[in-house]
Amino acid sequence: MQYIELVEFYELIEATTKRLEMTDFLVNLFKHTPGEVIDKVVYLTQGKLYPDFVGIEMGMAEKMALRALAATTGDSPDEVEEELKTKGDIGLAAESLLKAKKQVTLSRKELLVQDVYDALDKLAKTSGAGSVDAKVRALSGLLADAEPVEAKYIMRTITGKMRLGIADMTILDALAQAFADKEARDEIERAYNHTSDMGDVALTLSKKGIEGIKKYHARVGRPIRMMLAQRMESAGEILEKLGRAICEWKYDGERIQIHKLGNKISLFSRRLENITEQYPDIAALARQNLKVEEAIIEGECVAVDSDTGAMLPFQELMHRRRKYGIEEAVKEFPANIYLFDALLIEGEDLTEKPLSQRREILKKAIKEVNGFRLSDALFSSNVKEIEGYFENAIENGCEGLMMKGEDSTYQAGARGWLWIKLKRSYQSKMIEPIDVVIVGAFMGRGKRSGSYGALLVATYDHEKDVFPTISKLGSGFTDEDLKSLPEILMPYKLKHKHARVESTLEADVWFTPAFVIEVIGDELTLSPIHTCAFNRIREDAGIAIRFPRFTRRWRKDKAPEDATTVEEVLDMYNAQLKKIG
Ligand code: AMP
């Protein structure tokens, strides 16, 4: 197939704004394309050379592409720049300059689709020292063989600016019409959703027809397009849709699909990029603790505090999305993964099995260790119970809950009503620190073993003259602070909880309320665990601090009764309440 034939279809597609017309052109293109290059035609039409997960990207810098153009046409770099400014598009600039070309090539040859593909492929894979000149020469050579209109699309493709505006769904429509019938459309989409490889779907269709597509199934190494969720406002509404639900904490991190074959682990992001190199720690955990030979499983990766293991907000995890200094980043910004689905185990595609079974299979396939665990989940159809669970999730740094139908299948690539997220519509920003009394402590682990890992802190209830808890506080302490804490608090140590302390949590060590410190957090949230302002905003819920941090101000000047009062906390909660989108 000649490249000019493909380009003629592009010209038609570019000229239309109607989706149906665009689909018709694509159908004709696919029918016209010989089987052996159909996959390449599909990728090129999407402005790529490979499916995204392969990770080979075009995107030559515009400057470099212009240098190649100048070398072909004999124009000066300034003239080429000027043309780009006038036309506003590198493809149009190339087309017009080639039309008016000053240098004549003697041996132009006809370009085949395969030639252009191979040349672009080589360009995309060339890197390292001296590669710039080699790339400029290679592109210039390709342009010398191109018709002006071919150059238009070559330049757009190589700079990553193809932009024909064809959605995946339109390509699927066209493939169905070209190679099967309308009824086969769903089957073709399913195949695509299970492998994320449009070129391979097209190749299979053209070679084996719809029967080949029916046999198409997920394979390790090709990411499955991830199932997404709808959103609703209340647990009650969601239960009406789902019946009994598996309610999982909705972690505030990054979705990761883990693929394992023997010792080889690949990690894919929600956008299907291969992110294995960014998360060597997660890959290692999976290698050691995924006890099967072959698997595709999913989870959410979350940044955690290196000292306390507490979950941190999403922004912290983004420090991990970098190309260099990954080893340091792994140490500085450790992450955990919470697993929630199994899509393929030992060759068996599980996507049609009910979620409750998939979760069981997942549980058996892994060894749970620190940093590599199943997601926290509650099987329930009780609104009140779910609400308490929701508040607990928020307080622990989650965004809310993911409620999933117990019998739901895994619908690759779909945003359906089988998974429904429950997020907050209000949040109460915490803009001022508060003063709290230390009433208990929890023993530390790891680096903190032998000392306290977190303190249990309380507010003051003026009316009842008691100290209801508001937070488990583990962040913001220096190593010295931690070392000195047991000594500082020694005089106040008790054998059991102090009579004036109200707590549902069982601390490892209890203290007489005496020592006041200052703490700040991101938000005040409702909590089923802490007793500050219990039942005052909502039944069975108190108020807690989300992402609490010690400000390092020891308020030795304050008596325990001078700690921030419950009424003050309530005022802060109400005053800072904001609707969130
Ligand atoms: P959203 O991005 O708001 O549409 O929510 C969907 C995202 O929530 C998923 O893509 C995951 O990254 C994330 N998530 C966090 N926890 C879970 C969970 N337990 N189950 C499924 N997705 C989760």
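The structure this text deals with has already been given above.
Nothing here was measured: the structure is a model prediction, and the numbers come from that model.

A. Representation of the side chain of S475. Positionally, S475 belongs in the loop between β15 (467-473) and α19 (479-489). At a separation of 2.9 Å, a polar atom in the side chain of S475 contacts the side chain of D305. Those residues in contact with S475, other than ones at most four positions away along the chain, are D305, T308, P548, R549 and F550.

B. The arrangement of the side chain of R359 in detail. Its location among the elements puts R359 in helix α17 (residues 355-365). A polar atom in the side chain of R359 sits 2.6 Å from the backbone oxygen of S375. The residues touching R359, leaving out its near neighbours within four places in the chain, are E248, L339, F340, L374, S375, A377 and F379.

C. Layout of the site of the ligand. Lining the immediate surroundings of the ligand are 14 residues, of which E248, R255, E300, K404 and K421 lie closest. One of the side-chain N or O atoms of E248 is found 2.8 Å from a nitrogen atom in the ligand. Between the ligand and E300, the relevant distance is 2.5 Å, taken from an oxygen atom to a side-chain nitrogen or oxygen of the residue. When the ligand sits alone it has 490 Å² of accessible area, and the protein chains cover 91% of it. Residue assignment for the shell around the ligand shows that the elements contributing at least two residues are β2 (245-250), β10 (400-405) and β11 (415-423). The element best represented in the shell around the ligand is β11, accounting for four residues.

D. Structural view of the environment of A180. Within the secondary structure, A180 sits in the loop between α10 (168-179) and α11 (185-195). When the C-alpha atoms of A180 and I213 are compared, they prove to be 10 Å apart, with 33 residues separating the residues in sequence. With near-sequence residues (within four places) excluded, A180 lies in contact with L175 and I210.

E. The arrangement of the environment of G450 in detail. For G450, the location among the structural elements is in the loop between β13 (434-443) and β14 (452-458). Classification of G450 as exposed rests on a relative accessible area of 68%. As a C-alpha pair, G450 and L482 span 32 residues in sequence and 9.9 Å in three-dimensional space.

F. The arrangement of the pairing of strand β5 (residues 294-303) in detail. With respect to burial, β5 is a largely interior element, nine of its ten residues being buried. Pairing of strand β3 (residues 254-261) with β5, which is carried by eight bridges, proceeds in the antiparallel orientation. Looking at the pairing, L261 lines up with E294 of β5.

G. Focus on the pairing of β13. Of all ten residues making up β13, nine are buried, and the element is well covered by its neighbours. Sheet topology note: the β13/strand β19 (residues 516-520) ladder contains four bridges and is antiparallel. The residue of β19 that forms the bridge with D435 is E518. In this structure, β13 lies alongside β14, joined through six bridges in antiparallel fashion.

H. Representation of the sheet that holds strand β9 (residues 377-380) within the structure. In space, the five strands of this open sheet follow the order β1-β11-β10-β2-β9, with mixed pairing throughout. Where the open sheet ends on each side, the last strands, each with one partner, are β1 (228-232) and β9. Taken pair by pair, the neighbouring strands of this sheet meet at an average axis angle of 35°, ignoring direction. Contacts between helix α13 (residues 235-242) and the sheet are confined to β1, β2, β9, β10 and β11, with β11 contributing the most and set at about 160° to the helix. Along the sheet face, α17 touches β2, β9 and β10 and points at about 55° away from the line of β2.

I. Geometry of the nonpolar core. Y3, F30, L120, L139, I154 and V201 are the most contacted members of the largest nonpolar core, which totals 72 residues. L489, I517, I543 and F550 belong to the second largest nonpolar core, which has 33 residues in total.

J. Focus on the sheet that holds strand β20 (residues 523-527). An order of β21-β20-β12-β23 is seen for the four strands of this open sheet, with the pairing classed as antiparallel. Whereas interior strands pair on both sides, the edge strands pair on one side only; in this sheet they are β21 (542-546) and β23 (577-579). Direction aside, neighbouring strands of the sheet carry axes that sit 45° apart on average. For strand β12 (residues 426-429) and β20, the ladder comprises two bridges, and the chain directions are antiparallel. Residue pairing across strands places K429 opposite E523, the latter belonging to β20. Here helix α18 (residues 383-395) sits on the sheet and contacts β20 and β21; the angle it forms with β20, its principal contact strand, is near 150°. Together, β12, β20, β21 and β23 form the strand contacts of helix α20 (residues 566-575), whose direction differs from that of β20 by roughly 105°.

K. Structural view of α20. Taken residue by residue, α20 has V566, V569, L570, M572 and Y573 as its buried positions. The buried residues of α20 occupy an angular sector of 160° when projected down its axis, which confines them to one face. Exposed residues on α20 whose side chains face more than 90 degrees from its buried face are D571 and A575. Packing partners of the buried residues in α20 comprise β12, β13, β15, β20, β21 and β23.

Conventions used here
Residue indices begin from 1 for each chain and proceed along its sequence in written order. Note on the predicted model: pLDDT of at least 70 is required for a residue's local features to be given, and 80 or more for side-chain atom pairs to be given and counted; whole-chain, interface and lining totals, by contrast, use all residues. Hydrogens are left out, water is left out, and the side-chain values use all remaining heavy atoms of the structure. For the purposes of this entry, the term helix denotes a DSSP run of H or I that reaches at least four residues, the term strand denotes a run of E that reaches at least two, and both are numbered from the N terminus. We define a polar contact as two N or O atoms separated by no more than 3.5 Å, with the added condition that, inside protein, one atom must be a possible hydrogen donor and the other a possible acceptor, whereas residues neighbouring each other in sequence contribute only through side-chain atom pairs. Throughout, a contact is declared for two residues whenever any of their heavy atoms are within 4.5 Å. We call a residue near a molecule or strand when any one of its heavy atoms sits within 4 Å of it. Using a 1.4 Å probe, the Shrake-Rupley method yields the accessible areas, and only the shown protein chains count as cover for residues. Buried means the residue's accessible area, taken with a 1.4 Å probe over protein chains only, is under 20% of the maximum for its type, while exposed means over 50%, and partly exposed covers the values in between. Any two strands are treated as partners once DSSP identifies two or more bridges connecting them. Only the stretch in contact is used when a helix axis is fitted, and all axes are lines through C-alpha atoms; the angle between N-to-C directions ranges over 0 to 180 degrees. Here, nonpolar core refers to any group of buried Ala, Val, Leu, Ile, Met, Phe, Trp, Tyr and Cys residues whose side-chain atoms link them within 4.5 Å. Within this analysis, the arc is defined by the directions that extend from the helix axis to the C-beta atoms.

That is the geometry; function is a separate question.
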